[in-house]
Amino acid sequence: MSTRTSALDAVVFGIDIQSGDVRGDAPSYALVEFDGETVARDVVSHRKLRRLIDDEEPAIVATDNMYELAADKDQLIHLLGSLPTGTKLVQVTGAEQPEPLSRVAKRHGIPYGKEPMKEAEAAARLAAHNVGHEVSAFTDTTTVKVSRGRSTGSGGWSEDRYTRRIHGAVKRRAREVESELEDANLAYETDIREAYGGYANAVFTVEARPSDIPVSSARSGDVRVEIERERHDGIEFRPLAKRRDHVIVGIDPGTTTAVAIVGLEGEVLDVWSSRTSDTADVIEWIVERGRPIVVAADVTPMPETVEKFRRSFDAAGWTPESDLPIDEKQHRTREQPYDDDHQRDAMAAALYAADAHEGQFERIADKLPPGIDRGEVIARVVAGEESVEAVLADLEDDDGADEAATEHEPRELTEDERRIKDLERQVDRLQSHVETLEGRLEEREDRIDELEDELSGARRTERKEVRQNREVTRHRRKAERLEYERDEARDRVDELEDKVERMKALWKLDHSNFSDVSAEKEGLAPVKVVEKFTKGAIREADDQYGIAIDDVVYLRDASGAGRSTAELLAEFEPRVILKDGGLSEVADEILFDNEIPVGPAGDVAMQEVDELAVAREEDIEAVIDDWHDRARERRRDRKAAMVDQLISEHRAGDNEV
């Protein structure tokens, strides 16, 4: 596997603290931009560094200590969440226990100096050559939550209708999000909480990063959409390049293929799953991470797909005596993170296989002298079914032949020369292995051609079925949407019919209350209801059913109105105003000056349906007559007060003379 990374085809930022401290004073950073050939250097502030990362979106931001960018773990997680989608934060000095940068640079032949700019350049060059660990706080799973954009309230005359409208809007938006995820062919799980009239919220757990999801966070009216990437339990470190050591591989085949890589010591090195990758993709992923000694499955007998992978690597196979129960797999993988059940099953198979071979691996290791590659011997014993003694003898023969070939040398080889010799022997062994594999490859190419023809036919059939299923799903979704709209329309019709019935009942008033009402309903007057004595309530009533000259207006709450509110209501020139509650002095004066009668609503018998009401004409006339009587007295009192004031002013003038 190449030790170069795609970062060399993009840009790597290497950084180091130039001055200050991220925990105190505003720091400045030595910044090196490296694209594999050219190096650009600069000293920037923390703010400018963040802006450059957002604008240029480097493939890697490399540092020798991740806490040079963040004061603590919370700030570091926030920083990782704000990085561009394609940008990695890499600590080139290791994972939880980093080494000195000077030692890492020396080991990889990278120029190093103690100045901040030199350290930043060393970090950039190391990261560009796949040295270091990616710092990660987030998984590749994203939560999309569709919920109410505003509160449904705590009461009121129209709370039910208002609540039903909000929940219906949440349900419609949730279905739109579901359709968009389906169109993007993304795997997701749904958790819906239903409520009166629709959904209170809908949560979609999507197996993708936010940048791959065709939905964005938004808040519009009644609905809010929130997108949040799921976090790891803590900070995780992923090596940029993985050594191709001997490993144990667990595979869970099916529609979603999952693979787990476990080291010979039983440590989980990597786990992966995919719904779209073919056999070649899976093999490539495994080859990049190690050389399989054992290929394991969690069921018995071994599935044919897993057997094909085993034969591809000439590895030993392992299966349990009986299919592994789910609770045992959950217990064995309880300390390891995984994204889905397929990854868990593959990991469990590999870990149980490692447990089964643990004693054999220890016995082999006990027989090995110092300096012998344990993985190579274990691979030949377990997968090649050779004895430990035969493998050791073969290795000693190789070493003896090398020593005999070098007896004529007049001087001792230098360390570099010995390293070259070791590498040459390794190349010879690898070339021999390659020739063996090429021979096997030729034998299988014919079989592959046959299988590819069968696969092409199967894929054509599968694509046709997928198209048909999508079409069925689309029609089913459309039918559900139409059924939902039909149900909403029926509910609206029922609501309106109920309202009509109540209106009819209103016009057929109880004769015990209105014994003087004739069959033609003579003697009744319509009443326009205004909820509060405010400008907004007056305008809302006017918009809904209109307030005209000589209308009877009922104020449910007449308190609190000022001059401008009273003047606005007076402009409509109502016939009379019926009120609950007391008017302010200013509002009372304005209405009195405009000769608009005002009386208590309790003196008038009214019956209401929603915003509409009717009252007996004779009650309204009685309120108006009563107001006119009071108005005459009020005018007399005003005139008397004015006369008294004039007399007082006249007497005051005479006294001054």
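Here is what the cut-offs are and how they apply
Residues numbered from 1 in each chain as written. Predicted model: local features only at pLDDT ≥ 70, side-chain atom pairs only at ≥ 80, totals over all residues. Heavy atoms only, no water. Core = buried A, V, L, I, M, F, W, Y, C linked by side-chain atoms within 4.5 Å. Buried < 20%, exposed > 50% of the residue type's maximum accessible area, 1.4 Å probe, protein only. Helix = DSSP H or I, 4+ residues; strand = E, 2+ residues; numbered from the N terminus. Contact = heavy atoms within 4.5 Å. Patch = residues over 30% accessible without salt bridge, like charges linked within 9 Å, V, L, I, M, F, W, Y side chains within 5 Å. Areas by Shrake-Rupley, 256 points an atom, 1.4 Å probe, with all protein chains shown as cover. Salt bridge = Lys/Arg side-chain N within 4 Å of Asp/Glu carboxyl O. Lys, Arg positive; Asp, Glu negative; His and termini not counted. Charge placed at Lys NZ, Arg CZ, Asp CG, Glu CD. Pairing = 2+ DSSP bridges. Axes fitted to C-alpha atoms, helices over the stretch in contact; angles between N-to-C directions. Expected span 1.5 Å × (residues − 1). Arc of directions from axis to C-beta. Polar contact = N/O pair within 3.5 Å; in protein donor to acceptor, adjacent residues only side chain to side chain.

Caption draft 1: Region of the structure containing the nonpolar core. Residues Ile 248, Ile 293, Val 294, Ile 364, Val 377, Ile 378 and Val 382 are the most contacted members of the largest nonpolar core, which totals 30 residues. Counting only elements with at least two residues in this core, the list comes to β12 (257–263), β14 (291–296), β15 (316–318), α9 (341–366), α10 (374–382) and α11 (388–405). It is α9 that contributes the most residues to this core, nine residues altogether. Ignoring sequence-local partners within four residues, the contact set of Ile 248 consists of Ala 260, Ile 261, Val 262, Gly 263, Leu 264, Val 294, Ala 350, Ala 353, Ala 354 and Phe 361. Counting residues in hydrophobic clusters, the runner-up holds 26 residues, among them Leu 31, Leu 52, Met 66 and Leu 89.

Caption draft 2: Inspection of a positive patch on the surface at higher detail. A contiguous patch of positive charge, built from Arg 459, Arg 460, Arg 463, Lys 464 and Arg 467, is present on the exposed surface. Inspection of the secondary structure assignment puts Arg 459 in helix α12 (residues 415–507).

Caption draft 3: How the structure looks around the sheet that holds β14. Here we have five strands laid out as an open sheet, ordered β13-β12-β11-β14-β15, and mixed in their pairing. One side of each edge strand has no neighbouring strand; the edge strands of this open sheet are β13 (268–274) and β15. Ignoring strand direction, the axes of neighbouring strands in this sheet form an average angle of 25°. Two strands pair when backbone bridges link them, and strand β11 (residues 246–252) and β14 are joined in this way by five bridges, in the parallel orientation.

Caption draft 4: Just the pairing of strand β21 (residues 612–616), in detail. The element β21 is largely enclosed, with a buried count of four among its five residues. Pairing of strand β16 (residues 524–530) with β21 involves five bridges; the strand directions are antiparallel. The residue of β21 that forms the bridge with Pro 526 is Val 614.

Caption draft 5: Representation of unusual backbone geometry. Residue Pro 301 is bonded to the preceding Thr 300 through a cis peptide linkage, with omega at 0°. In this fold, Pro 301 is placed in the loop between β14 and α7 (304–313). With a phi close to 70°, Asp 550 is a non-glycine residue in the positive phi region. Relative to the helices and strands, Asp 550 is located in the loop between α13 (535–545) and β17 (552–555).

Caption draft 6: Representation of a negative patch on the surface in the model. Together, Glu 438, Glu 442, Glu 443, Glu 445, Asp 446, Asp 449, Glu 452, Asp 453 and Glu 454 make up a region of like negative charge exposed at the surface. Within the secondary structure layout, Glu 454 lies in helix α12. Since its relative accessible area comes to 52%, Glu 454 is described here as exposed.

Caption draft 7: Seen up close, helix α4 (residues 116–128). Between its first and last C-alpha atoms α4 spans 18 Å; for 13 residues at 1.5 Å apiece the expected length is 18 Å, and the two agree. Counting buried positions along α4 yields ten of 13 residues, so the element is predominantly enclosed. Taken together, the buried positions of α4 are Met 117, Glu 119, Ala 120, Glu 121, Ala 122, Ala 123, Ala 124, Leu 126, Ala 127 and Ala 128. At its buried positions, α4 is contacted by β1 (12–19), β2 (28–34), β3 (39–45), β4 (60–63), β5 (88–91) and α3 (101–107). At the C-terminal side of α4, Asn 130 shows a positive phi close to 65°.

Caption draft 8: Examining helix α2 (residues 73–82) more closely. Of all the positions in α2, only Leu 76, Ile 77, Leu 79 and Leu 80 are classed as buried. Mapping the buried residues of α2 onto a view down its axis gives an arc of 160°, with all of them on the same face. Relative to its buried face, α2 has exposed residues pointing more than 90 degrees away, namely Asp 74, His 78 and Gly 81. At the N-terminal end of α2, a side-chain oxygen is found 3.2 Å from the backbone nitrogen of Asp 74, two or three residues along, and the residue is Asp 72.

Caption draft 9: Structural view of the pattern of salt bridges. Taken as a whole and assessed by the stated rule, the structure comprises 39 salt bridges. Arg 164 is the salt-bridge partner of Glu 495, the closest N and O atoms lying 3.1 Å from each other. In this pair, Glu 495 is assigned in helix α12 and Arg 164 in helix α5 (residues 159–183), connecting sequence segments 331 residues apart. Residue class for Glu 495 comes out partly exposed when judged on its relative accessible area of 26%. The salt bridge partner of Asp 626 is Arg 630, with a shortest N-O separation of 3.1 Å. Of this pair, Asp 626 and Arg 630 both sit in helix α16 (residues 617–656), four residues apart, which is roughly one turn of that helix. Linked by salt bridges that have partners in common, Asp 298, Lys 329, Asp 341, Arg 344 and Asp 345 make up one network.

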